[in-house]
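Spelled out, the chains give:
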Amino acid sequence: MVRVSGPEAIDVAGAFARLRKGRLHDLEDRRLALARLVDSSGNVFDEALVVVMRGPRSFTGEDTVEVYCHGGRLVTEKALSEALSHGARQAEPGEFTRRAYLSGRISLEEAEAVLEVVEARSEAALFQAGRRLCGELGAMVRRWEGELLDILAEVQGAADFPEDVPDQREQMYGRLRVLAGELDGFLKRAPLGLALSDGITVCLVGRPNVGKSSLFNALLREDRAIVTDFPGTTRDVLRETSEWDGLPVTLLDTAGLRATEEIVEAIGVLRAEASAEEAEVILYVVDDTEGILEEDIRWLEKWKDRRVVLVVSKVDLGVGSGVRDARKVAGPAGQKVVKVSSVTGDGLDVLKRTVAGFFESGAGVGDIVPGSARQVDCVRRALDSVSEAMSELEEGWTDDVVALSVERGAKALAELTGRDVPEAALDRVFSRFCVGK
Amino acid sequence: MNGEIGTVVVVGSGHAAVEAALASRRLGLETTIVALNVAKVSSMPCNPSIGGPGKAQIVSEIDALGGEMALATDHATTSMRLLNASKGPAVQSLRAQVDKKVYAAHMRRALGEAGVRMVQGMVRDILVGKDGRACGVRLRDGRELRGDVVVLATGVYLESRVIIGEKILDSGPIGEPASHGLSASLKGLGVVMGRFKTGTSPRIKRGSISWGELSIEEGTDRPYAFSFMSKPRVWESEVCYSTYTNEATHKVIRKNVHRSPLLNGTIEGIGPRYCPSIEDKVVRFPHRARHQIYLEIECGDSDDVYLLGLSTSLPEDVQLEMVRSLPGMARAVISVPGYAIEYDYVVPSQLRPTLELKEIPGLFTAGQINGSSGYEEAAAQGLIAGINAAMTVMGKEPVVLQRDEAYIGVLIDDITRTPIREPYRMLTGRAEYRLLLRQSNADTRLTPLGRRIGLVSDERWECFRIKEGQMETARALLRKRRGGEAVWDLLRNPRYSLADFFPEIPELRDLPSGVLSEVEIEAKYQGFIERQEREARRLARYRGKAIPPGLDVARVVGLSKEGQDKLRKHSPATLGRALEIGLSPSDAMILLAYLRGGGER
Ligand SMILES: Nc1nc2c(ncn2[C@@H]2O[C@H](COP(=O)(O)OP(=O)(O)OP(=O)(O)O)[C@@H](O)[C@H]2O)c(=O)[nH]1
Ligand SMILES: [Mg+2]
């Protein structure tokens, strides 16, 4: 939905939203009407519903026009850009939520979940979609999503319109297998492509005073971060770029992880956690003189499915507790362990190589380069769901559970496109099958 | 006020109005129905059928909460089928053909027994007090009816127009008058109205059909019922007649398309895609050689047969030509022609999940007036509006069902939170937690809530407790290990069914088949069910986020004035409740950030 508000709202909206009969200005207050959306060259790009609410009896107190687009995110964006080109200024959807998230007061996961609870489902999806998908990757994701929506439309359509939509279970398996192959091929190329395109983000985290900032400086070879004996020195996230073995790296230094009453530090800790969540690689630092504590194990457990290097710092002091503990902890969990000293520089090259090593698998430089870890994650979840649907078919499960797996796969990709999956599947049912009595 | 606890005025006498009135009356409020024609109760202007995918689940949920629709359906059924029998428990749905006169008579009796007062008249204005609350209605003849709350369930009657070809009538369905003025009164109160349209098929005189030329579909032989309190019955003797359109029918339609008000622009309202007219189908799918038509007998002693699948608004002469081209209908006589109807509706994003208008406390809307379609969807909203109307008057917590609790929750969440583009119909695909929301477990899911609300009778509660006990017994029998794996675990293999184990566990035979089939689903689908429960819990955690009772609202920096007032007035216990009383998303975010960070900045 695009909402235009302000004294010239009706003029602005009227410039691209044309009623079938008459002018927007003459539309009765608070009456939904059908309109064609027209771009600057006169092409109709969507049919939409519009409603005019004249001030002061509107949300904002000013004249307000709401345009409900039909064709999903792209069309909505087009409508928005039309509104902007006719003189409107943009206020982002979910702006407030985004601000709350960006100011570090709530986590991304929380923001998303709450949006799902409080905002229109479509708006939550838009927020999740976050960064815009474009180019070849965008086209590819939309094609996969389209295929999943088609399959969903068929199984779900057959359940909801048993008299009108034929049962196509037979062909489903083959289509899912082709799709699984494509998703899998993409993911095989993903780590390298991901690293080459965006560079990678590497985040230093750990309890206070373990030597994160010292390591940050040593890796960058400059005195960028403040180092002191006091735990809790670093507050905000520091960010510097450099290159390790030809790999563009954004290195983050963060506040030491601990529970604290102090508000500035508490925000810092939240941000540290959020930064680690977003990073491609986590360098979890422990102090060789202190060893690995219970808290460390909790954090390592939380991030056990991520690319984590367990870094033992201050090895120049020769205490050895951290090294000993690391052997026990990292063994079963499989994290790589690297011993370093920021004072002598020992281990720094090994650390850089270990990080680069994460990205050396896979084929040559991909034709298609994925854009971010988040996108890769969505595709991975889509593949998991497709594989589940395939085994459910093989094992002879009923259509309802197969449909749920297909739906989950489509929803994983929809996090990148912002589409409302049930609604989009329904659109396909109606356009492909002669449904209804 | 002249009732002991309070009074409710319900406007309308259709499926939503009846459930609303019954609920509020049974909860002890003095309840009055005002309707254009009080002789018409729960009528079925579309086809005489109840249930189907998504809708059947709703009917059973209404039943578990103490509503009337399922009982009326079982009482009036002439045949019943289980759809999607092989597609899994999430989508299995009953559908009944009913005798519409018997159905209406059941409802009329229920209203009478409950003591709902009936008043005939056309409501023109909503009365709003100085405090901004709705406090009654004014009729066209000037009479006023006062009430503590008002429930509008006027269906498709607001400013309705009936269109048959070139003929446009200012009326409601089948010769009933339209309701004029109320829509304007709502707009005057700041309510945004939209316009939808829907259509019906012609009705044919029974005696004018040559039944021998039609194909017969046999009924099924398993016992079924919608209500937990009805004894399942077998419908083996029932049959259903059907036929197909042919090239001649399509030729008639193509020749006359220019006279179709749907396609030539006379109709402005937006129609449902799942219920296209026959002219739409022929134009949009030109390669389809035929479209199926079902013949539905409306009631035992009437003469009318509804031609399901032949919805149209073509002129009457074209309709006759079209009908007569069908097999067995060469001499057919149309008793009521098909028609399109356009009507105003309240854009439902203006409603709280309690179905109260956000901006006009005390005014509830339910059913097609909210842009939904279908008898079942209407009845469900009526029930919820009726319950919440009563809760408001009694000063109790409102009842809001979540998406993972009931199809009714999905329905209300969808219409109040996403813009609807066509009359909203329930489908199983809309419920993401559909494996949890089975028709077969509606009683388990919702009877306890119905009991807490006060609509579940002692008798029903007793039966429910017995069934719960039997379920426990069955689960224990299956979980017990005998030598190797427990039967419960073996059932997870899709190749096994519970019946395979009857020889091993003969005690199972003593339990009712409904109990066994339900426990079988629980065992067989356990992994899938648990996964959905996990997904549902993720969101529930945020809804359930506690708001401390002594919260000093003034210290939550950034809250809007309105948000502060709402929190002070209602002191909601959780974030979910705060949203239900109308806290805006941005205020909710601020509150959450405050609660989460413990931060006072
Ligand atoms: N000997 C030795 N001392 C180190 C090394 N790394 C850090 N230190 C010392 O450890 C103390 C803490 O170092 P920081 O780098 O500030 O630690 P931090 O993890 O960033 O601490 P916070 O920002 O408070 O979380 C300082 O006194 C450093 O001089 C090392 O490799 N060898
Ligand atoms: Mg530091």
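The rules we used
Residues numbered from 1 in each chain as written. Chains lettered and ligands numbered in written order. Predicted model: local features only at pLDDT ≥ 70, side-chain atom pairs only at ≥ 80, totals over all residues. Heavy atoms only, no water. Helix = DSSP H or I, 4+ residues; strand = E, 2+ residues; numbered from the N terminus. Buried < 20%, exposed > 50% of the residue type's maximum accessible area, 1.4 Å probe, protein only. Areas by Shrake-Rupley, 256 points an atom, 1.4 Å probe, with all protein chains shown as cover. Rg over C-alpha atoms; globule rule 2.2 N^0.38 Å. Domains from an automatic or database assignment. Salt bridge = Lys/Arg side-chain N within 4 Å of Asp/Glu carboxyl O. Pairing = 2+ DSSP bridges. Axes fitted to C-alpha atoms, helices over the stretch in contact; angles between N-to-C directions. Phe/Tyr/Trp six-rings, centres within 6.5 Å; stacked < 30°, edge-to-face > 60°. Lys NZ or Arg CZ within 6 Å of the ring centre and 35° of its normal. Left-handed = near helix turned anticlockwise from the far one by under 90°. Contact = heavy atoms within 4.5 Å. Nonpolar A, V, L, I, M, F, W, Y, C, P; charged D, E, K, R; others polar. Donors = N, O, S within 2.8 Å, 3.2 Å for Na, K, Ca; no water. pLDDT = per-residue confidence, 0-100. Near = heavy atom within 4 Å. Polar contact = N/O pair within 3.5 Å; in protein donor to acceptor, adjacent residues only side chain to side chain. Core = buried A, V, L, I, M, F, W, Y, C linked by side-chain atoms within 4.5 Å.

K.L.:
Go over the overall build of chain A, please, and point to the residues and values.
P.N.:
Secondary structure assignment for chain A yields 15 helices and 11 strands. Out of the 437 residues belonging to chain A, those deemed buried represent 54%. Carbon and sulfur atoms form 50% of the exposed surface of chain A, whose accessible area is close to 19100 Å².

K.L.:
Lay out the overall build of chain B in plain terms, naming residues and giving numbers.
P.N.:
Scanning chain B for helices and strands turns up 18 helices and 23 strands. Computed over the C-alpha atoms, the radius of gyration of chain B is 26 Å, within 12% of the 25 Å expected from 2.2 N^0.38 for a compact globule of 601 residues. Dimensions of chain B along its principal axes, counting C-alpha atoms only, are 75 × 75 × 45 Å. Looking at the 601 residues of chain B, the share that counts as buried comes to 60%.

K.L.:
Pulling in residues and values, what's your account of the domain arrangement of chain B?
P.N.:
Segmenting chain B into domains produces domain 1 (7–154 + 181–197 + 343–443), domain 2 (203–341), domain 3 (475–529) and domain 4 (542–596). Here the C-alpha centroids of domain 2 of chain B and domain 3 of chain B sit 44 Å apart.

K.L.:
An account of the pattern of salt bridges is needed here, citing residue identities and associated values.
P.N.:
All told, the structure shown has 69 salt bridges over all chains when counted by the stated rule. The closest approach of N and O atoms between Asp413 of chain B and Arg403 of chain B, which form a salt bridge, is 2.6 Å. Taken together, the residues Asp413 of chain B in helix H10 (residues 407–417) and Arg403 of chain B in the loop between helix H9 (375–394) and H10 connect sequence positions 10 residues apart. Assessed through its relative accessible area of 18%, Asp413 of chain B is described here as buried. By relative accessible area, Arg403 of chain B is classed as buried at 11%. In this structure, a network of salt bridges that share partners links the residues Glu28 and Arg31 of chain A together with Arg161, Lys187, Arg195, Glu342 and Asp344 of chain B.

K.L.:
Run through the sheet that holds strand E8 (residues 247–253) of chain A, naming residues and quoting values.
P.N.:
Residues and elements named next belong to chain A. The six strands lie next to each other as E7-E8-E6-E9-E10-E11, forming an open sheet whose pairing is mixed. Both edges of this open sheet fall to strand E7 (238–244) and strand E11 (336–339), since each of them pairs with a single strand only. Here the strands of the sheet are splayed against their neighbours by 25 degrees on average, with no regard to which way each runs. Inspection of the sheet shows strand E6 (residues 200–206) paired to E8 by five bridges, in the parallel sense. Its bridge partner being in E8, Leu204 is matched across the sheet by Asp253.

K.L.:
How would you summarise the packing of aromatic side chains if you had to cite specific residues and measurements?
P.N.:
With the rule as written, the count across this model stands at 11 aromatic pairs over all chains. Where Phe228 of chain B meets Phe464 of chain B, the ring centres are 6.3 Å apart and the plane angle is 70 degrees; that geometry is what we call edge-to-face. One end of the pair, Phe228 of chain B, is in the loop between strand E16 (223–224) and strand E17 (233–234); the other, Phe464 of chain B, is in helix H12 (residues 458–479), and 236 residues separate them in sequence. You can call Phe228 of chain B partly exposed: its relative accessible area is 22%. By relative accessible area, which is 3% here, Phe464 of chain B ends up buried. Measuring from ring centre to ring centre gives 5.4 Å for Trp461 of chain B and Phe464 of chain B, while their planes differ by 25 degrees; the resulting arrangement is stacked. With a gap of three residues between them, Trp461 of chain B and Phe464 of chain B both fall in helix H12, about one helical turn apart. Taken together, the aromatic side chains of Trp397 of chain A together with Tyr525 and Phe528 of chain B make up a single cluster linked through ring pairs. Here Arg430 of chain B stacks its cationic end above the ring of Tyr424 of chain B, 4.2 Å away from the centre of that ring.

K.L.:
Go over the packing of helix H2 (residues 55–64) of chain B against helix H11 (residues 442–453) of chain B, please, and point to the residues and values.
P.N.:
Residues and elements named next belong to chain B. Across the interface, H2 lies against H11 with an axial gap of 7 Å and an inter-helix angle of 35 degrees. Note on packing geometry: the crossing formed by H2 with H11 is right-handed. Contacts from Ser60, Glu61 and Ala64 in H2 reach Ala442, Asp443, Arg445, Leu446, Thr447 and Gly450 in H11. Residue composition of the contact of H2 with H11, by class: three nonpolar, three polar and three charged.

K.L.:
Quick one: what's the story with the coordination of the magnesium ion (ligand 2), residue by residue and with numbers?
P.N.:
Residues and elements named next belong to chain A. Here the magnesium ion (ligand 2) is held by Ser213 (OG) and Thr234 (OG1), and the distances to it run 2.0 Å. Here Ser213, found in helix H8 (residues 212–220), pairs with Thr234, found in the loop between H8 and E7; they are 21 residues apart in sequence, far enough to count as distant. By relative accessible area, Ser213 is classed as buried at 9%. Taking the relative accessible area as the measure of exposure, Thr234 reaches 13% and is therefore buried.

K.L.:
Report on the domain arrangement of chain A, specifying residues and quantitative values.
P.N.:
How big an interface is tends to be stated in terms of accessible area lost as the parts join. Taken domain by domain, chain A holds domain 1 (2–90), domain 2 (114–189 + 369–430) and domain 3 (195–360). Taking only C-alpha atoms into account, the centre of domain 1 of chain A sits 51 Å from that of domain 3 of chain A.

K.L.:
So what's going on with the pairing of strand E11 (residues 161–164) of chain B? Residues and values would help.
P.N.:
Residue and element names in this part refer to chain B. By the bridge criterion, three bridges tie E11 to strand E22 (residues 340–346) in an arrangement that is antiparallel. Across the sheet, the residue bridging to Arg161 is Glu342, located in E22. When E11 meets strand E12 (residues 167–169), the two strands line up antiparallel, connected through three bridges. Paired with Val162 across the two strands is Leu169, which belongs to E12.

K.L.:
Which residues make up the side chain of Asp399 of chain A, and what values do they have?
P.N.:
Positionally, Asp399 of chain A belongs in helix H14 (residues 399–417). If near-sequence neighbours (up to four positions away) are discounted, Asp399 of chain A is found in contact with Val155, Asp167 and Arg169 of chain A together with Lys87 of chain B.

K.L.:
Could you give me a rundown of the confidence of the model for chain B, with the residues and numbers involved?
P.N.:
One rule of thumb: low pLDDT means the predicted coordinates there are not for detailed reading. Taken residue by residue, chain B gives an average pLDDT of 90. The fraction at 70 or more is 97%. With a pTM of 0.73, the predicted complex shows an ipTM of 0.89.

K.L.:
Could you give me a rundown of the site of ligand 1, with the residues and numbers involved?
P.N.:
Residues and elements named next belong to chain A. Around ligand 1 sit 22 residues in total, of which Ser213, Ser214, Asp229, Gly232 and Thr234 are the nearest. One nitrogen or oxygen atom from the main chain of Thr228 is found 3.5 Å from an oxygen atom belonging to ligand 1. Isolated, ligand 1 exposes 650 Å² of accessible area, and the fraction of that covered by the protein chains is 88%.

K.L.:
Lay out the environment of Asp167 of chain A with the relevant residues and their values.
P.N.:
Residue and element names in this part refer to chain A. As for its placement among the helices and strands, Asp167 is situated in the loop between helix H6 (135–160) and helix H7 (169–198). The class of Asp167 is exposed, set by a relative accessible area of 52%. Residues Asp167 and Gly157 lie 10 residues apart in sequence; the distance between their C-alpha atoms is 9.0 Å. Looking at Asp167, its side chain comes within polar contact range of the main-chain nitrogen of Arg169, at 3.2 Å.

K.L.:
Residues and numbers for the sheet that holds strand E2 (residues 17–19) of chain A, please.
P.N.:
Residue and element names in this part refer to chain A. The antiparallel open sheet is built from five strands, whose spatial order is E1-E5-E4-E3-E2. Among the strands making up the open sheet, the edge pair consists of strand E1 (2–5) and E2. Here the strands of the sheet are splayed against their neighbours by 35 degrees on average, with no regard to which way each runs.

K.L.:
How would you summarise the side chain of Ser227 of chain B if you had to cite specific residues and measurements?
P.N.:
Residue and element names in this part refer to chain B. Relative to the elements of secondary structure, Ser227 occurs in the loop between E16 and E17. One polar contact links the side chain of Ser227 to the main-chain amide nitrogen of Met229, over a distance of 3.0 Å. With residues up to four places along the chain from it excluded, the contact list for Ser227 reads Asp63, Ala70, Leu71, Asp74 and Arg460.

K.L.:
Could you give me a rundown of the nonpolar core, with the residues and numbers involved?
P.N.:
Judged by nonpolar contacts, the single largest core of 164 residues is most densely connected at Leu176 of chain A together with Ile408 of chain B. A total of 11 residues in this core trace back to one element, the largest contributor, which is H9 of chain B. Beyond its immediate chain neighbours, meaning those up to four positions away, Leu176 of chain A contacts Leu148, Ile151, Val386, Ala389, Met390, Leu393 and Val406 of chain A. Grouped together as the second largest cluster of nonpolar side chains are 28 residues, Leu238, Val281, Val285 and Val355 of chain A included.

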